[in-house]
Amino acid sequence: MSDVKEEVSVDCRGRPCKAHKHGGMTAAVFVLGLLAFEMMAIAAVGNNLITYVFNEMHFPLSKSANMVTNFIGTVFLLSLVGGFLSDSYLGSYWTMFIFGFVELSGFILLSIQAHLPKLRPPRCDMVSDGDHCVEAKGYKALVLFLALYLVALGSGCLKPNIISLGADQFRREDSKQSKKLSTYFNIAYFAFCLGELIALTLLVWVQTHYGMDVGFGVSAAAMAMGMICLISGTFLYRNKPPRGSIFTPIAQVFVAAITKRKQICPSNVQMLHVKQNNVPNQIPATSANANNLLHTEKFRFLDKACIKLHDGEKESSWRLCTVTQVEQVKIIISVVPIFACTIIFNTILAQLQTFSVQQGTTMNTHIIKGFKIPPASLQSIPYVMLIFVVPLYETVFVPVARKFTGKDSGITPLQRIGVGLFVATFSMVAAAMVERKRRISALHNKETLSIFWIAPQFLIFGLSEMFTAVGLIEFFYKQSLEGMQSFLTAMTYCSYSFGFYLSSILVSLVNTITSTSSHSGWLSNNDLNKDKLDLFYWMLAALSLINFLNYLFWSSCYTYNPSLLPVGPDNQHHQQLRDPEIQGRDTSKYTHV
């Protein structure tokens, strides 16, 4: 059997890590602390942002909803920047350190604007007197957008690195630590839920009762606590050193394949070039999961990049690539359809952070005499449930499922994603039914429904998110290669970004299509009683069901590269597949999902 090289990891001073001193759950706890505090800070802002820009900055409702979805979409899109900088130049720790303070500065600026009247338009009731309210413009709008996008830049660059730095504390070539990796992802989601829960209850309550300036200030304090957690674990982290541009070796494969497009792929794949090219930009295959990736039969066109035209002559790295290099590109292409199938899922999430919050403002928010629940706090309902469900999933469901499936994680990440996508459809079905009942009660019966009528749509989506969000992150991380962990993890956050952008496009498109000379569009009014939000929800439910069927097709077609399958005593067959004696053989029959 081949000697599998151990992952290259260093401490904060650049020295090789020691197994007993660095990494493990002890180091990961500090990263989880940052995850919880950062989520607490940005969730309190993002989930109640529509209230601030609508009531305080006086933007119209549909424009306010689009501003929020564009802001959150940008947060997740910028995760690609964070992933690229981390893998290529800075490393996860220093990327988090730098952009954590960028995010903190954005929270401070938001708090200052919310506190100083000169930076906001004059007070005005947008619901009763919206036509006469002055919209924020000029330097007031500039300060708002500068603050929001400092937060977006900082948070976006943090998110993929929080996940990857925490996961890097567990050595994947160690079977015992590899098992802990799935546990880590579940604990990370628990920390995420805890941060969201505190943000949507305590911090939103502070915003509602003490003002947005105090609320934003508390978010800044939470972010500062998160940075203290990150810095406190500095001497314990296992750090993956950056490896130069991750895009260069990818580009080399496409250039070489196109250059040799007229060549015929050899029937014997052992004739393909397998030795490592001596080029500085190539991602070294030093870890167990990237050490001589096995050849697979998909995307055979790219194999032409491995055809050696002249024996004994050295070819440029832009004309001749290794099998491992080509397989890396194949993996990236293969995960794109899985990634695309989660975009509609996140479009549904966008509605729960915008229109569903506005639904709550039109309903009876009294719980007991003298106490009202802030509408934005409704989003805390699924996290109250998940605080209990996530530990049960890890301690009860996973061990039981493991006995039947033999999988360390109970069910595969792809199966977990599929369950979540299916359940998400029913969130929009519930939302549509409740919204219709709410509007009929308000217009015809002159009744105001309790705000808890919209709780089911949050509960159902929370359950679906536990499956899809964690499954997607675990899937992408386990498919990632040495030197690309942060970037591929960032792709999961891009799904959120595209989902929120798609929401903005759908809102504008629906308004345009449904508007006539005598009637406004479904979502054109500032008054939900005049809108047709329930029809919009039904449309999303239909799109979600179609998307789930599309996912079933792509997930059933997906195949793993056998080199990325777990190594351990229960996977002797896959250890054998890594042996150089069988490198290059057709292994596709072993990797179909």
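Residues numbered from 1 in each chain as written. Predicted model: local features only at pLDDT ≥ 70, side-chain atom pairs only at ≥ 80, totals over all residues. Heavy atoms only, no water.

Some words on the state of the cysteines
Considering all chains together, one arrives at 1 disulfide under this definition. Paired through a disulfide, Cys124 and Cys133 show a sulfur-sulfur distance of 1.9 Å. Taking the sign of the S-S torsion, -75 degrees for the link of Cys124 and Cys133, the bridge is left-handed. Free cysteine Cys306: the closest other cysteine sulfur is in Cys321, separated by 6.6 Å. Given a relative accessible area of 1%, Cys306 falls into the buried group. (Disulfide = S-S within 2.5 Å. Buried < 20%, exposed > 50% of the residue type's maximum accessible area, 1.4 Å probe, protein only.)

With respect to the side chain of Thr234
Along the chain, Thr234 turns up in the loop between helix H9 (212-232) and helix H10 (247-259). For Thr234, a relative accessible area of 12% puts it in the buried group. Among the polar contacts made by the side chain of Thr234, one reaches the main-chain carbonyl oxygen of Ile231 at a distance of 2.6 Å. Ignoring sequence-local partners within four residues, the contact set of Thr234 consists of Cys12 and Tyr93. (Helix = DSSP H or I, 4+ residues; strand = E, 2+ residues; numbered from the N terminus. Polar contact = N/O pair within 3.5 Å; in protein donor to acceptor, adjacent residues only side chain to side chain. Contact = heavy atoms within 4.5 Å.)

Some remarks on the environment of Cys229
Within the element layout of this structure, Cys229 appears in helix H9. Residue Cys229 is classed as buried on the basis of its relative accessible area, which comes to 17%. It is 5.3 Å that separates the C-alpha atoms of Cys229 and Phe30, two residues lying 199 residues apart in sequence. When sequence neighbours within four positions are dropped, the list of residues in contact with Cys229 reads Phe30, Gly33, Leu34, Phe37 and Tyr237.

Focus: unusual backbone geometry
Phi at His58 is positive, roughly 65 degrees, even though this residue is not glycine. Structurally, His58 can be placed in the loop between helix H2 (49-56) and helix H3 (61-77).

Some points on the nonpolar core
With 151 residues, the main nonpolar core has Tyr52, Leu144, Tyr184, Phe185, Tyr189, Phe475 and Phe536 as its most contacted residues. For this core, the element with the most residues is helix H1 (residues 24-46), which contributes 14 residues. (Core = buried A, V, L, I, M, F, W, Y, C linked by side-chain atoms within 4.5 Å.)

Regarding the packing of helix H15 (residues 413-443) against helix H18 (residues 533-557)
Where H15 contacts H18, the two axes come as close as 8 Å, and the packing angle between them is 165 degrees. It follows that H15 is roughly antiparallel to H18 by the angle criterion. Handedness of the H15/H18 crossing: left-handed. (Axes fitted to C-alpha atoms, helices over the stretch in contact; angles between N-to-C directions. Parallel < 35°, antiparallel > 145°, perpendicular 65-115°, else oblique. Left-handed = near helix turned anticlockwise from the far one by under 90°.)

Describing a nonpolar patch on the surface
Taken together, Tyr89, Leu90, Trp94 and Ile98 make up a surface patch of nonpolar side chains, about 400 Å² in accessible area. Mapped onto the nonpolar patch, the elements with two or more residues apiece are helix H4 (79-90) and helix H5 (92-115). On the accessibility criterion, Tyr89 (48% relative accessible area) is partly exposed. (Patch = residues over 30% accessible without salt bridge, like charges linked within 9 Å, V, L, I, M, F, W, Y side chains within 5 Å. Areas by Shrake-Rupley, 256 points an atom, 1.4 Å probe, with all protein chains shown as cover. Salt bridge = Lys/Arg side-chain N within 4 Å of Asp/Glu carboxyl O.)

Concerning the environment of Arg13
Summarising the element assignment, Arg13 is placed in the segment before H1. Remark: the alpha-carbon pair of Arg13 and Asn239, spanning 226 residues in sequence, is separated by 9.9 Å.

Digging into the pattern of salt bridges
Tallied over the full model, the rule gives 10 salt bridges. Among the ionic pairs, Glu135 bridges to Lys63, the shortest N-O distance being 2.9 Å. One end of the pair, Glu135, is in the loop between helix H6 (126-129) and helix H7 (138-167); the other, Lys63, is in helix H3, with 72 residues separating them in the sequence. Given a relative accessible area of 22%, Glu135 falls into the partly exposed group. Notably, a salt bridge pairs Glu435 with Arg438, separated by 2.9 Å at the nearest N-O pair. Highlighted residues: Glu435 and Arg438, both in helix H15, separated by 3 residues, approximately one helical turn. Arg438 carries the same exposure label as Glu435, and that label is buried.

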